[in-house]
Structure formats: structure tokens, C-alpha cells
Protein chains: 2
Amino acid sequence: MNTEPSRRDSILAAAAEYFAEQGYHSAGMRGIADSVGIKGASLYNHFGSKEEILYAIALKMTRVPVEENLLVLDETGTPTERLTALIDVHLRHLAVNRVEHLVSLRELSALTEEHRDRVVEYRKYYQRRVRDVIAAGIRAEEFGVDDPMRAAVAILDLMNGVSWWLRDDYDIDSLVSTYVDYIVDGILRRRVGVRGGADEVIR
Amino acid sequence: MNTEPSRRDSILAAAAEYFAEQGYHSAGMRGIADSVGIKGASLYNHFGSKEEILYAIALKMTRVPVEENLLVLDETGTPTERLTALIDVHLRHLAVNRVEHLVSLRELSALTEEHRDRVVEYRKYYQRRVRDVIAAGIRAEEFGVDDPMRAAVAILDLMNGVSWWLRDDYDIDSLVSTYVDYIVDGILRRRVGVRGGADEVIR
DNA sequence: GTCTATAGTTTGATAGAC
DNA sequence: GTCTATCAAACTATAGAC
């Protein structure tokens, strides 16, 4: 098995770093090529255009979470357990791919309309799946919120905000545990069983 | 009193719209000028450079909140009351200046180092003030979180995330009320007085 | 304060040798 | 697949007439 990163992957990694630091439109093909150790023109042997590089990054950061993170929602368990598992994998995936995540959030408007639509579709699907597990939690009387979609948007904003400030030396286990707490026991106000419903707990 | 917007203000509004839509580096001086109804060269009678336009937008969206929003933290009241008031004014300010807010969040890296430092300083100060009122709430046994700074960052990510998706016809009163709930009764797990502490309520 | 005209760079992308 | 050389276009910013 070959562990060498392909040239294509090297380009994507260098471009993501560059786009994150300077912004997509400010970063030039020559700069990206420099980081990889080749000349600007050689990039076009691997990608048809600069926008296709951005699209590859954005697609990876939206399709992979849909295909991998969402699997934990299909396993057996209560809505609380399944959502907790999703928060865990979501934040860990974000932490491992922090710059790519930041770029795909921030540079969405730089994509062609067709590519942007594809990316947005994945994001909306992810959002709906989060909404659905929240709705299931409400029906199971585990969660105490009114509007599952609004809660899903808030929760995703909260988690994705991490990509703006996360540092490499940050303790991810601690981050995950805190954010599970903020979301499941906090925003969604997980009910406590015998102690009564959320209405008694709050206000 | 003159209610006409100055040419300078018209430029800022048009530029913010343009930057929000296309991104700072992609938006050209000609396009901004077109929106205002003048030629590109005329912009330089009002701003020394394109970057100064961005700086004016970013500065307005960081200095004004510090000078105005934070006033509510100095009024009398419990930490819960003061933080609730801050969430209210923060979200309303964000809603009124949505595109400027989005631009100043997203295009921070396009500022010169000196300008970026100034903007970041305001943001950090704002963050510290939020942290402080959370810390006061913990001491008063109103809030049940461990790390006030981490909670402050999360709360600001949650609120600022709104600028990515808010639409003009959104019901702001409802938004404020939901987010106060998410934050004060949710993330910070406001204690309930006689019913016992957060330890009893959660888990 | 706005205009026309343009300087001076830099950009994304292509052609063709090797 | 990488290189050198280069094109055409777009950019920010300036000069100078009005």
C-alpha cells in the first residue's frame, strides 16, 4: 500500500491552506504551485481550473460528512445517543480537516452556480438529518424544544463556528465533551425522566 | 436635519452588499462605483483605497457593538438579566446590519495587518465582556458552566452564525426569544432557585 | 467631485518543447 | 507531467481636464 500523498492531494492540501490564509480570490495559482514545489502551469495537468480546486475541497468537506458522519444516526439507540454520536464525529472530522472546513464554509460564493448548488444540496441534506433526529428526540420526550429545524441550524452554527478559532494543540476530547453538554443537555434541554418535563425544569 | 445618506455612506452600503455577494477580492471598484452611480475613479475622492472601504465596514461592525451593545452590561440587574439584554441588542444590531456583519466576519484576512489588529482588538474586548458577565453569573450561582471563556466563544459563534442565513423577512422577535432560551436557559443552564442546583437538573 | 484616459501589475489560463 | 514563454483580461490606483 502506497502511503505517499498523490500530487493531486498535495495540491488540494496546499490550496486549502492558501485559501484559508488569504482568501480564494486573493490566492494565486503561482502561490499554490510554489507551495507544492512546481510551476503554476503544471497545476493544469491536475485540475481544469482554479475553481475546480476549490470545488474539490468544498465537495470533500460536504459529501464526506454526509456519507460518513451520518452513519451514526442509523445505528440503534435513543435520539439522545445518536445525536451525541453525531456531535462527536462531526467535531472530530472538523478538527482533522480544519482549514478545508473553513474554506468550504467561507468561500461558497466563489463556486460556479452549478458547483455551489451541489455543495449546498449536501449541506441541506445534512441539516435535515440533524433536524430529523431532533424531531425524534422531541417525540420521545427527550428534548424540550419547539422547532427542530431552528434548533438544527443553531447547533450546526455552534459546531461549525469552531473552525474559525480552533488551534492544532486544542484538546479535542474536552471540546467534544463540552459541546455535547452545551447541545444535548443545554440547547435541547434533555429531559430528566422521573423528575418531570422541561416545563418544570426551566423557568 | 439632513436625512440624505452621504455619498460616503452610499459607497459603504453598496460595497458591503457587493463584498457579501462576491467576496472582497472578487468585487471590483468599478462594480461598487456602478452601484452608486459614479465611475470607479471617483471612489478615490472618498476613500484612499479599496481596503479602506473594507476597513470602514469592519470597524463600524466591531466598534459600534463595543460602544453601544455593551452598555447594557453596565446597567443594574442580575447577570442573567444583563446577558439577556446583551443577546437582545446583539441580535438586533446584527439583523439590521446583516451584510456588513457577514463581510466583517468573513473578510477579516483581507485587511492590512494594522487594520486587522484593530478590529480583532475590539472583538476580543467584546468577547471578554461576555465572558465576565458569564463569570459573574457563575459566582451568583445563576449559571452552571465551568469555563466562562469557552462558553462566551460558543455563545458568540451561535449568535454570529445567524448572519450567514438570516433573511429580511425573518421574525426577529421570535429569533431573539429563541436564542435567549438556547443560551441562558440552555447552554448556561440557568439555575432554578428553590428547585436545587444545576447538578440536580442535569444528568 | 466627477470625469476620461491610462499606467503598471497581476491574474488565470494556454501553447508547445522536452 | 513539468517546464518556459506568453497572452488577453482584469485589477487598483493615478493624472489631469472640467
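Residues numbered from 1 in each chain as written. Chains lettered and ligands numbered in written order. Predicted model: local features only at pLDDT ≥ 70, side-chain atom pairs only at ≥ 80, totals over all residues. Heavy atoms only, no water.

In the annotation of an unreviewed UniProt entry, chain A is listed under the name TetR family transcriptional regulator and assigned to Dietzia natronolimnaea.

### Topic: the nonpolar core
Selection criterion: Residues belong to a common nonpolar core when they are buried Ala, Val, Leu, Ile, Met, Phe, Trp, Tyr or Cys residues joined through side-chain atoms within 4.5 Å. Relative accessibility thresholds used throughout: buried, under 20% of the residue-type maximum; exposed, over 50%; partly exposed, between the two (1.4 Å probe, protein chains only). Residue contacts follow a heavy-atom distance rule, with two residues in contact if any of their heavy atoms lie within 4.5 Å.
Counting residues in each nonpolar core, the largest one holds 70 residues, and the members touching the most others are A:Leu83, A:Ile134, A:Leu188, B:Leu83, B:Ile134 and B:Leu188. If near-sequence neighbours (up to four positions away) are discounted, B:Leu83 is found in contact with B:Leu73, B:Val133, B:Ile134, B:Phe143, B:Ile183, B:Val184 and B:Leu188.

### Quick look at the UniProt feature "domain: HTH tetR-type" (unreviewed entry) in chain A
Applicable threshold: UniProt positions are given in the numbering used here, feature names are shortened, and annotations may be inferred rather than shown by experiment. What counts as a helix is a DSSP run of H or I of at least four residues, what counts as a strand is a run of E of at least two, and both are numbered from the N terminus.
UniProt's entry tags residues 5–65 of chain A with the feature "domain: HTH tetR-type" (unreviewed entry), counted in the numbering of this structure. Annotated as 66% helix and 0% strand, the span residues 5–65 of chain A places its first and last C-alpha atoms 21 Å apart.

### Thoughts on helix H2 (residues 29–36) of chain A
When we look at burial in H2(A), the residues that qualify are A:Met29, A:Gly31, A:Ile32, A:Ala33 and A:Val36. The first or second residue beyond H2(A) is A:Gly37, which carries a positive phi of 95°.

### Considering the UniProt feature "DNA-binding region" (unreviewed entry) in chain A
Residues given the UniProt feature "DNA-binding region" (unreviewed entry) here are residues 28–47 of chain A. Structurally, residues 28–47 of chain A is divided into 40% helix and 0% strand, and its ends, taken at the C-alpha atoms, are 14 Å apart.

### Details of the relation of the copies chain B and chain A
Cut-off, in case you're wondering: The copies are overlaid by a least-squares fit using only the C-alpha atoms of residues whose pLDDT is at least 70 in both copies.
With an RMSD of 0.0 Å, the fit of chain B onto chain A corresponds to turning through 180° and sliding 0.0 Å along the axis. The transformation relating the two chain copies, once decomposed into turn and shift, fits a two-fold axis. Across chain B, the smallest distance between a C-alpha and the rotation axis is recorded for B:Gly186, namely 1.9 Å. A share of 100% of interface residues in chain B that are also interface residues in chain A marks the association as one of identical surfaces.

### Considering the environment of B:Arg118
Within the secondary structure, B:Arg118 sits in helix H6 (residues 113–139). Counting along the chain gives 55 residues from B:Arg118 to B:Arg63, while the straight-line C-alpha distance between them is 9.5 Å.

### Considerations on the protein's contact with DNA strand D
This is how the line gets drawn: Any residue with a non-hydrogen atom lying within 4 Å of a molecule or strand is treated as near it. Two N or O atoms form a polar contact when they lie within 3.5 Å of each other; inside protein one atom must be a possible hydrogen donor and the other a possible acceptor, and for residues adjacent in sequence the pair counts only when both atoms belong to side chains. Under the convention adopted here, Pro, Cys and the residues Ala, Val, Leu, Ile, Met, Phe, Trp and Tyr are nonpolar, Asp, Glu, Lys and Arg are charged, and Gly plus all remaining residues are polar.
Contacts to DNA strand D come from 16 residues, most closely from A:Arg7, A:Lys39, A:Asn45, A:His46 and B:Arg30. Protein-adjacent atoms of DNA strand D, using a 4 Å cutoff, are sugar or phosphate at a proportion of 52%. Within the contact set of DNA strand D, a base oxygen lies 3.2 Å away from a side-chain nitrogen or oxygen of B:Arg30. Contacts to DNA strand D include B:Tyr44, whose side-chain N or O atom sits 3.0 Å from a phosphate oxygen. Per-class residue counts for the surface near DNA strand D are six nonpolar, five polar and five charged.

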